[in-house]
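Structural overview
What follows is the residue order along each chain.
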Amino acid sequence: MYAGDDTFFTEPVKIPLEDWLDLHTFPPGEIADLLEEYIRECERAGFSRVRIIHGKGTGVLRTRVHECLQHNPLVERFYQAPPGAGGWGATIAVLHTSARSG
């Protein structure tokens, strides 16, 4: 939306929730908050596991993702994705079943 004075206002965009999240398009500084909100919404939606695509690269982003998952109370465990789902460029997070049935 254009305000008429070279100021643009954007409406929040509702993105469909999927059981995977590709972090390639997000700035590294937003990853922790993004993952926390994403995991919370996935838990609310009833997902039992999610795939987080962080890429292979140097491993810095993978390490950051694993740190966030390790400290998230909704995550039961996490592990490297199988080869057909991204291999070491993605992580599968299993959400606590008690959180969903609670």
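Notes on the structure in this doc start here.

Thresholds applied
Going along each chain's sequence as written, the residues are numbered from 1 onward. Local features are withheld for residues below a pLDDT of 70 in this predicted model, meaning they are given only at 70 or higher, and side-chain atom pairs are given and counted only at 80 or more; totals for whole chains, interfaces and linings count all residues. Excluded from the side-chain calculations are hydrogens and water; all other atoms, namely the structure's heavy atoms, are used. Each helix is a run of DSSP H or I of at least 4 residues and each strand a run of E of at least 2, with the numbering of both proceeding from the N terminus. Contacts described as polar in this section are N or O atom pairs within 3.5 Å, which, within protein, must combine one atom able to donate a hydrogen with one able to accept it, while residues neighboring in sequence count only if both atoms come from side chains. By the convention used here, residues are in contact when the closest approach between their heavy atoms is within 4.5 Å. When DSSP finds two or more bridges between a pair of strands, those strands are recorded as paired. Looking down the strands as they point away from the viewer, one classifies a crossover as right-handed if the path from the first strand across the helix to the second runs clockwise. For helices, the axis comes from a line fit to the C-alpha atoms of the stretch in contact; other axes are also lines fit to C-alpha atoms, and the angle between any two N-to-C directions lies between 0 and 180 degrees.

1. Re the side chain of T91
- Residue position: T91 is located in strand β4 (residues 90-95).
- A polar atom in the side chain of T91 sits 2.8 Å from the side chain of H54.
- Once residues lying within four places of it in the same chain are set aside, the contact partners of T91 are V50, R51, I52, H54, H66, L69, F78, Y79 and A81.

2. Notes on the pairing of strand β2 (residues 49-53)
- Strand direction decides the pairing type here: strand β1 (residues 20-22) and β2, joined by 3 bridges, are parallel. Note on β2: the bridge partner recorded for D22 is I53.
- Traced from β1 through helix α1 (residues 31-45) to β2, the parallel crossover comes out right-handed.
- Sheet topology places β2 next to β4; 5 bridges connect them, and they run antiparallel. Bridge pairing links I53 to A90 in β4.

3. Focus: the sheet that holds β1
- On the basis of which strands lie adjacent, the open sheet formed by 4 strands has the order β1-β2-β4-β3 and mixed pairing. Unpaired on one side and paired on the other, β1 and β3 (75-80) mark the two borders of the sheet. Sheet twist, expressed as the mean angle between neighbouring strand axes with direction ignored, is 20°.
- Taken strand by strand, helix α2 (residues 60-70) contacts β2, β3 and β4, and its axis lies near 160° from that of β3.

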